[in-house]
Each structure stands twice: as C-alpha cells, then as structure tokens.
Amino acid sequence: MQVLHSDAPLIVYVDVKSPYAFVAIRPTLALEQELGMRFDWRPLTLDIPSYLGSAEKKQGKVVSSKGRSPRTWNAIRYSYRDARRYAERQGLVLKGTEKIWDSRIPNIGILWVMQTARDKLGDYFDAVYPPFWRRELDIENIEVVTACLEQAGIEASGFAAFASGEGSALHDELQPQFHPSGIYGVPTYVLGDEILFGREHIPYLRWALSGRQGSAPDIAYEIA
Amino acid sequence: MLTVYIDFKSPAAYLAVSPTLALAERFDLAIDWKPFRAIEREVPKLGKQETVGESHRRVRAASQRALSVKYAAHQGIDLRFPPQPGSTDLALGVLLGIEGDPLPFIRGAFNAYWEAHADLDDMAVVHALLVESGVTYTGSLADARSVLDAAQMQAEEAGIVGVPGYVIEDQLFVGREHLPWIEEIARAKVGA
C-alpha cells in the first residue's frame with residue numbers, strides 16, 4: 001500500500017488514540033456522506049513520545065513525565081481542553097488519557113473494516129472512539145477490539161489472525177512511509193498531491209471535491 | 001470586546017488579520033490587540049541520522065509552512081518566509097504603548113516583516129514604522145522589550161499558548177480556525 005496513492009478521491013489517516021482524530025471523525029464521515037463519496041480511511045499509529053515526550057497519570061495526577069517543558073505541558077493541556085469542548089458540541093465525552101496507549105490493534109481494525117465491511121466503518125468508529133475517550137476501553141486487548149467489531153455488526157472471527165498476519169504487515173508497511181511522504185500527524189487528508197493536516201481543512205476539501213466553484217474557503221472548524 | 005494576541009513573525013497571525021477584522025466589523029466588536037512572543041523556527045535540515053522526533057519536527061515544520069503559503073495565496077498574499085525567523089520583540093513591546101487604534105502600526109509591521117523581511121527588533125526600523133503608520137506612541141522604545149516581557153508573563157499565566165490567540169467571554173481560542181465559534185459567541189452577545 002502506497003501512502004499517497006489510492007483510487008478513492010481522498011485518503012484519510014486517523015489514529016484511535018488521537019483526540020484530534022476523535023473530533024474529526026464525525027465531521028469527516030458527514031463530509032463523505034454529503035458528497036456521496038467513499039474516502040479511503042487508513043491508520044497512522046502515532047509515536048507520541050518521540051516528539052511530545054511521555055507522561056503517565058493516575059487518578060488525574062501526573063505521576064511521571066519525560067521530555068516535556070512547561071510550555072509543552074501548557075500546549076498539551078490547551079489541546080486537550082480544545083478537543084474536549086468540540087467533542088462536547090458533538091455530544092461526546094473526551095477525558096484525557098492516563099497513559100500513552102498503543103493503538104496498533106484498533107488501528108489494524110480500521111484496515112479490517114475497510115477490507116471486509118466498508119459500509120460499517122462509521123459503526124466501528126462509534127464502537128471504538130467514544131468509549132475509549134470515556135476511558136472505558138482497553139484498546140491494547142485484542143479481545144476488546146474484536147468485541148467492538150462485533151458490536152458494530154462486523155464479522156470478526158478472522159480478525160485475530162488478520163491482526164497478527166496480513167493486517168499487521170499492511171499496518172507496518174505504511175508506518176515508515178509517512179515522514180518521507182510529508183505526513184506526520186492525524187487527521188491527515190491526502191487529496192491528490194495535497195497533504196492537509198487537521199480537520200480545519202474540511203471546508204477546503206468540500207470545495208475541492210465538489211468542483212472548485214468560487215473562491216477557496218479559509219481554514220475553519222465548522223460548528224453545527 | 002475581542003482580545004487578539006499576535007506576533008508579527010507568525011504566519012498564522014498574519015493570515016488571521018483580515019478574517020478577524022471582517023468578523024469584528026460584522027458584529028461591531030472592538031478588538032484589543034495584544035502582543036505574544038510566539039516560537040517560530042526554521043525548517044530543520046534533513047539530518048543524516050535523524051531520530052523519529054527530529055524527523056517528525058522537520059516534516060511538521062515543512063508541512064505547516066506549505067499550508068501557510070497555500071492559504072495565503074487564497075488571500076492574495078505571496079507569503080515568503082525570511083531565511084531565518086527574526087525577533088519581533090521591539091515591535092511587539094511598542095504595541096502596548098500606542099494610544100488609540102494600533103491597526104495602522106499592526107498592518108505596517110506585518111507587511112514590513114513579511115514583504116521586506118524587516119528587522120522588527122531594530123530601533124530605527126520600528127521607529128520608522130511608528131512614524132509611517134501615524135499612530136500616537138506614548139511609550140519608550142528603550143523600555144519596550146521589558147514591557148513585552150511583563151506582558152508575555154501575564155499572557156502565559158492567562159493560558160495563552162500561541163497566536164493568533166483569541167479571548168472572548170472568558171473563552172480562549174488559538175488559531176483562526178476557531179472564528180466560527182467566536183462568531184457564534186459574538187452573535188449571541190449582539191442578540192442579547
């Protein structure tokens with residue numbers, strides 16, 4: 001799988017453990033529906049400690065932190081507050097995570113759904129994202145992710161084998177391609193040769209995917 | 001009242017000026033322009049042996065620049081980054097000593113930085129901008145940097161983490177992508 005190539009009009013990279021991706025899911029699914037298109041959704045598993053340092057919290061208190069300056073902490077806190085208020089506008093709960101999770105398994109789940117039950121992708125996101133961000137889901141447990149697939153009405157009997165075989169290989173094939181291709185975070189949208197990080201580009205994507213009529217819109221977090 | 005934190009060396013702040021003014025005009029909102037020293041870095045060079053973090057920072061910086069150039073073009077701005085981000089401390093400090101509407105100075109400072117790559121930490125350059133913009137400056141150029149230091153501390157304590165930073169009705173937003181929400185708040189105020 002080539003990171004920048006797809007037969008779909010738009011590639012969307014997301015990660016289950018990203019609050020930015022969480023609040024981008026519904027607006028992006030809505031755009032897909034509005035345009036009557038099918039986007040190519042793919043996983044990008046972030047290596048957060050490599051660029052933001054690491055931290056662990058217990059009962060809301062930071063118990064360990066590595067590589068984070070006060071300014072970095074302020075920016076992280078603002079980012080979470082910001083994502084939380086937009087999540088609340090969508091009727092969702094977003095609690096800061098207590099550790100940096102390994103989201104590999106639910107991200108491979110995205111590949112599984114794209115291959116086996118494309119029409120149920122939104123159901124899968126609903127089964128995984130909101131409970132994870134309510135701190136109700138252990139996404140590092142394959143049985144938990146399998147249960148999410150089943151909850152979304154997706155046949156999951158082959159998922160464990162996929163997650164350790166073909167799905168794992170596909171996931172791992174993508175990861176080293178991101179930085180050389182100019183991709184570093186989620187959500188990232190690939191529109192032809194344009195790489196756009198962040199849901200603030202949704203107005204531009206709508207404009208571009210519907211014929212580029214009139215002036216191009218500016219970035220915006222659209223609100224309902 | 002809409003408080004807007006800016007730094008002249010920030011492309012995001014530069015590109016926010018027109019849409020912010022348009023919003024303020026629509027709702028007859030007064031703007032309190034405040035300085036905030038943002039961090040702007042060069043795009044790191046591709047290293048022979050990069051860590052994942054170094055690679056991430058390089059790719060992110062390059063991507064942010066490309067997107068700034070793209071959206072600047074939509075505003076009719078040919079955005080050209082200076083070879084190295086320059087300090088804008090003096091011009092930012094001066095902003096707090098302007099009596100009346102500082103907008104002519106703000107526009108002049110942004111244009112000087114982005115079109116001429118002027119040194120906005122240079123006394124002669126900033127003095128010329130003050131004169132050209134026709135604003136009334138009652139502060140002291142010699143004290144402007146320390147004025148900025150104090151304002152920076154206050155802004156950070158208030159939770160400002162970047163520019164353009166907006167404060168309206170006790171809500172803080174960073175980035176012009178929040179203008180729809182800010183507009184919603186402004187509309188509610190007008191309606192009230």
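Just so you know, the residues in each chain are numbered from 1, in the order the chain's sequence is written. Each chain is given a letter, starting from A, and each ligand a number, starting from 1, according to the order in which they appear as written. Local features in this predicted model are restricted to residues of pLDDT 70 or higher, and side-chain atom pairs are both shown and tallied only at a pLDDT of 80 or more, whereas totals for entire chains, interfaces and linings draw on every residue.

1. So, helix α3 (residues 70–89) of chain A
Residues and elements named next belong to chain A. Between its first and last C-alpha atoms α3 spans 29 Å; for 20 residues at 1.5 Å apiece the expected length is 28 Å, and the two agree. Once C-beta atoms are placed from the backbone, each residue is buried if 20 or more other C-beta atoms lie within 10 Å of its own, exposed if 12 or fewer, and partly exposed for counts between those two. Here a helix means four or more residues in a row that DSSP labels H or I, a strand means two or more in a row labelled E, and each is numbered from the N terminus. Regarding α3, the residues found buried are Asp-82, Ala-83, Tyr-86 and Ala-87. With its buried residues spanning 135° around the axis, α3 presents them on a single face. Across from the buried face of α3, at angles greater than 90 degrees, the exposed residues are Pro-70 and Glu-88. A helix is expected to span 1.5 Å for every residue after the first. To be clear, the arc concerns the directions from the helix axis to the C-beta atoms.

2. Description of the nonpolar core
The tendency in soluble globular proteins is for nonpolar side chains to be buried side by side. The term nonpolar core refers to a set of buried Ala, Val, Leu, Ile, Met, Phe, Trp, Tyr and Cys residues connected through C-beta atoms within 7 Å. Counting residues in hydrophobic clusters, the biggest one holds 110 residues, and the most contacted among them are Phe22(A), Tyr124(A), Val128(A), Ala91(B), Val94(B), Ala109(B) and Leu120(B). Top element by residues in this core is helix α5 (residues 121–133) of chain A. It accounts for eight residues. Start and end positions for the domains come from either an automated domain assignment or a database one. Residue contributions to this core reach at least three from each of two domains, namely domain 1 (2–39 + 85–191) and domain 2 (41–84) of chain B. Residues are treated as contacting if the C-beta atoms built from their backbones sit within 7 Å of each other. Once residues lying within four places of it in the same chain are set aside, the contact partners of Phe22(A) are Ala83(A), Ala87(A), Leu94(A), Tyr129(A) and Trp133(A).

3. Overview of the pairing of strand β6 (residues 171–174) of chain B
Successive side chains on a regular strand alternate, one facing one side of the sheet and the next facing the other. All names here are of chain B. Of the strand pairs in this sheet, strand β5 (residues 165–168) and β6 are connected by four bridges, and their pairing is antiparallel. Note that in β6 the partner of Val-167 across the bridge is Leu-172. The antiparallel hairpin formed by β5 and β6 contains two residues in its connecting segment, where Glu-169 sits at a positive phi of about 50°. Two strands pair under a simple rule: DSSP has to find at least two bridges between them.

4. Observations concerning the domain arrangement of chain B
Residue and element names in this part refer to chain B. If you check the domain split of chain B, you get domain 1 (2–39 + 85–191) and domain 2 (41–84). On a C-alpha basis, the centroid separation for the pair domain 1 and domain 2 is 23 Å. In terms of residues, the side of domain 1 that touches domain 2 owes the most to one element, helix α1 (residues 11–26), which gives four residues.

5. Some words on the confidence of the model for chain B
You can read pLDDT as the predictor saying how much it trusts each residue, on a scale of 0 to 100. For chain B, the average pLDDT comes to 96, and 99% of its residues sit at 70 or higher. Predicted complex, confidence summary: ipTM 0.95, pTM 0.94.

6. Comments concerning the pairing of strand β5 (residues 188–191) of chain A
Residues and elements named next belong to chain A. Looking at chain direction, strand β1 (residues 11–14) and β5 are connected through three bridges and run antiparallel. By the bridge assignment, Ile-11 is partnered in β5 with Val-190. Pairing of β5 with strand β6 (residues 194–197) involves four bridges; the strand directions are antiparallel. Its bridge partner lying in β6, Val-190 is registered against Ile-195. Linkage of β5 to β6, two consecutive antiparallel strands, is achieved through a turn of two residues, within which Gly-192 is found at a positive phi near 60°.

7. Points about the sheet that holds β6(A)
Residues and elements named next belong to chain A. As summarised here, the arrangement of the four strands in space is β2-β1-β5-β6, forming an open sheet in which the pairing is mixed. Of all the strands in the sheet, the pair left with one neighbour each is β2 (40–43) and β6. Adjacent strand axes in the sheet meet at a mean angle of 20° when their direction is disregarded. Angles here are taken between N-to-C directions and fall from 0 to 180 degrees, while the axes themselves are lines fitted to C-alpha atoms, restricted in helices to the stretch in contact.

8. Regarding unusual backbone geometry
Residue Pro187(A) follows Val186(A) across a cis peptide bond; omega there is -5°. Within the secondary structure, Pro187(A) is located in the loop between α9 (178–181) and β5. We note that Glu169(B) has phi near 50°; this positive angle belongs to a residue other than glycine. As for its position among the elements, Glu169(B) is in the loop between β5 and β6. Assessed through the 11 C-beta atoms surrounding it within 10 Å, Glu169(B) is described here as exposed. A positive phi angle, near 70°, is found at Asp170(B), a position not held by glycine. Following the sequence through the fold, Asp170(B) ends up in the loop between β5 and β6. Accessibility expressed as a C-beta count within 10 Å gives 6 for Asp170(B), which makes it exposed.

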